[in-house]
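Now for the letters of each chain:
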Amino acid sequence: MPGKYSGEHVDVKDYMNAQYFIQTAVGTPPQQFTVVPDTGSSNLWMYSSKCKSIACFSHSKYDASKSSTYKADGEVFDITYGSGGVKGFVSRDVARIGDIEAEMGFGEVTSASGASFIASEMSGILGLAYSSISVDNLPTWMDQAPLTDKSFSFYLHTNPDASYMVIPGWDSENWGIIDTHPVVEQKYWALALKSVAQGTKVIDASKYKAVIDSGTSLLVGPKELVDPLIQGIRVRKDCSNVKNLPTMSFTIDSQTYTLEPSDYVLSITQSGVTECLLGVQSMDFPAGFNYFIMGDVFMRKYPTYFNLNDNTVSFQVAK
């Protein structure tokens, strides 16, 4: 991979442009796990050898008895996601991404509910959001990693182009910074969202924060914003009308980021058949959940540099 990195270059596996995975190693000797690097949560967890749920039978499991660096903890571990939940207990061990290792507490998951855990290739999740939302107040992997530069960046692409991460830092040889935005709430990577737009139709979004979330495949927002944003947009399954659809744009602080139809329409190929679908979803969020989740659909167009040193997020463009 060409490029100038200030840190570790980590390969990212792309599963049908719907999920992205990295490899992490836990324990001594290292046990390998396929995990989602998730900027929308803050805990590391993986399935335990003690797990009896269906999802655990088809995925790698952590076996504490085979690690010389394992330390027992036992605190209850319980996380609920939008697509299901996991339960288990806290253990402590060494977790590595590439050559960077951190001694930390993580969840050993003994039960998982939700079809998404069965279908996904992941054996766990590596949370990269702020420790303020960490279950059991466990320090994050970034907190515990012995790095002077507490930052990382994602370069998510569409198959077959290779995706990758840089930890710490960013790929300054191949990419330039469009703009840098302050994090306005240090829970998720939340930025000040000003407006969203379909073509020239602008919708005020100043009550909401843009959450940059590598663990969410789509753009997911409240009905108040998304319904007018996608009004009239109908994606044909055979992809024949994609080029005729309008642009979408998102203004964060004073910078506007535009998505072309080819950016926000997902093209999925299975068994030799390609279908297109809209990569923007409207949801009934609970009261007080004033976020617009900017998932992989957005991050593919705008590679993202997350900087814990000064609590900023920068979006990039190819040089």
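Relevant structure appears above.
All of the points below concern the structure found in this document. (Residues numbered from 1 in each chain as written. Predicted model: local features only at pLDDT ≥ 70, side-chain atom pairs only at ≥ 80, totals over all residues. Heavy atoms only, no water.)

Per the counting criterion, the structure on display carries seven salt bridges. Where K13 meets E121, a salt bridge forms, and the shortest distance between an N and an O atom there is 2.7 Å. With K13 in strand β1 (residues 8–15) and E121 in the loop between α2 (115–119) and β8 (124–127), the pair connects residues that are 108 residues apart, well separated along the chain. The partner of D227 in a salt bridge is K223, and the shortest N-O contact between them spans 3.4 Å. On the criterion of helical spacing, the pair formed by D227 and K223 is a turn pair, its members being four residues apart in helix α4 (residues 223–230). According to the relative accessible area criterion, D227 is partly exposed, its value standing at 33%. A residue is classified by how much of its surface remains accessible, and K223, at 37% relative accessible area, is partly exposed. (Salt bridge = Lys/Arg side-chain N within 4 Å of Asp/Glu carboxyl O. Helix = DSSP H or I, 4+ residues; strand = E, 2+ residues; numbered from the N terminus. Buried < 20%, exposed > 50% of the residue type's maximum accessible area, 1.4 Å probe, protein only.)

Right, let's get into α4. For α4, the full list of buried residues reads L225, V226, L229 and I230. The buried residues of α4 all sit within an arc of 100° when viewed along its axis, so they share a single face. Just beyond α4, the residue with positive phi is G232, at close to 85°. (Arc of directions from axis to C-beta.)

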